[in-house]
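# Coordinates in review
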Amino acid sequence: MTDSTLYRYGRPAVVVFVLSMAVLSAVSGYARLETQGIAALGDVAVNAYIALIVVWGAAVEGFDTDRFRTALYAGFVLWGVVDVAVGAVTPFSVVFLVAGTALLARTGHRRTRD
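Positions within a chain are numbered from 1, following the residues in the order the chain's sequence is written. Where local features are concerned, this predicted model is filtered to residues with pLDDT of at least 70; where side-chain atom pairs are given and counted, the filter is 80 or more; whole-chain, interface and lining totals use all residues. Side-chain numbers come from the whole structure's heavy atoms, not from hydrogens or water.

Attention now goes to the overall build of the chain. Strands are runs of DSSP state E lasting at least 2 residues, helices are runs of H or I lasting at least 4, and numbering of each runs from the N terminus. On a plain count of helices and strands, the chain comes out with four helices and zero strands. Listing every helix and strand of the chain by position from the N terminus yields α-α-α-α. For the C-alpha atoms alone, the extent of the chain along its principal axes is close to 55 × 40 × 20 Å. Residues counted as buried form 25% of the 114 residues belonging to the chain. Relative accessibility decides the category of a residue: with a 1.4 Å probe and only protein chains considered, values under 20% of the type maximum give buried, values over 50% give exposed, and everything between is partly exposed.

Set out below in structure tokens:
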């Protein structure tokens with residue numbers, strides 16, 4: 001098998017990008033807590049959860065496993081739930097809630113079928 005440039009540098013580039021986005025998410029979460037206080041705690045916690053799941057997927061698990069997908073879809077559902085709970089419902093939060101729930105159901109159905 002030939003060693004292509006994409007094969008050699010593609011995965012490390014994705015990992016560096018994912019880690020930089022996770023650091024950015026952590027810094028912005030800290031800034032939101034500083035400015036908005038405890039009111040932003042739920043949203044910051046969900047963003048940190050999603051960032052950690054994506055870092056875990058990039059560094060350890062891989063993006064194409066059922067465990068990663070289930071954890072990520074649960075993060076989408078949590079994101080929608082937090083927005084609904086604090087009264088900040090947007091079209092994106094409804095999409096995350098509905099689509100995350102549907103994707104979780106699909107993954108569960110596929111797992112029980114196999």
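Taking 1.5 Å of rise per residue, the 23 residues of helix 4 (residues 91-113) would be expected to cover 33 Å, and the 32 Å separating its terminal C-alpha atoms lies within 8% of that figure. Within helix 4 the residues assigned to the buried category are S93, G100 and T107. Any two residues whose heavy atoms approach within 4.5 Å at even a single point are treated as in contact. Next to the buried residues of helix 4 lie helix 3 (66-86). Here the expected span of a helix is defined as 1.5 Å times the quantity of residues minus one.

Attention now moves to the packing of aromatic side chains. What characterises a pair of aromatic rings is the spacing of the ring centres plus the angle enclosed by the ring planes. Only centres within 6.5 Å qualify two rings of Phe, Tyr or Trp (six-membered ring in Trp) as a pair; their planes then separate them into stacked at under 30 degrees, edge-to-face at over 60, and tilted for everything else. For the coordinates displayed, the defined rule picks out two aromatic pairs. Each ring, one from F76 and one from F96, has its centre 5.5 Å from the other, and the planes form 25°; the classification is stacked. Of the two residues, F76 is situated in helix 3 and F96 in helix 4; the sequence distance between them amounts to 20 residues. Note on W79 and F96: the rings are 4.5 Å apart at their centroids and 15° apart in plane angle, and the pair reads as stacked. With W79 in helix 3 and F96 in helix 4, this residue pair connects regions lying 17 residues apart in the sequence. Since its relative accessible area comes to 25%, W79 is described here as partly exposed.

What makes a salt bridge here is a side-chain nitrogen of Lys or Arg within 4 Å of a carboxyl oxygen of Asp or Glu, nothing more. Within the structure shown, the criterion is met by two salt bridges. Salt-bridge contacts for R32 lead to D43; the nearest nitrogen and oxygen are separated by 2.3 Å. Within this pair, whereas R32 is found in helix 1 (residues 5-36), its partner D43 is found in helix 2 (residues 41-61), the two being separated by 11 residues in sequence. For D43, a relative accessible area of 14% translates into the label buried. The shortest N-O distance in the salt bridge between D66 and R110 comes to 2.5 Å. On the criterion of sequence distance, the pair formed by D66 in helix 3 and R110 in helix 4 is long-range, its members being 44 residues apart. By relative accessible area, which is 23% here, D66 ends up partly exposed.

What follows concerns the side chain of D83. Looking at the secondary structure, you find D83 in helix 3. As a buried residue without a salt bridge, D83 has its nearest oppositely charged side chain in R32, at a separation of 7.2 Å. In this charge count, Lys and Arg are treated as positive and Asp and Glu as negative; neither His nor the chain ends contribute.

Moving on to helix 2. Listed as buried for helix 2 are D43, V44, V46, I50, A51, I53, V55, G57, A58 and E61. G62, located one to two residues past helix 2, shows a positive phi value of around 100°.

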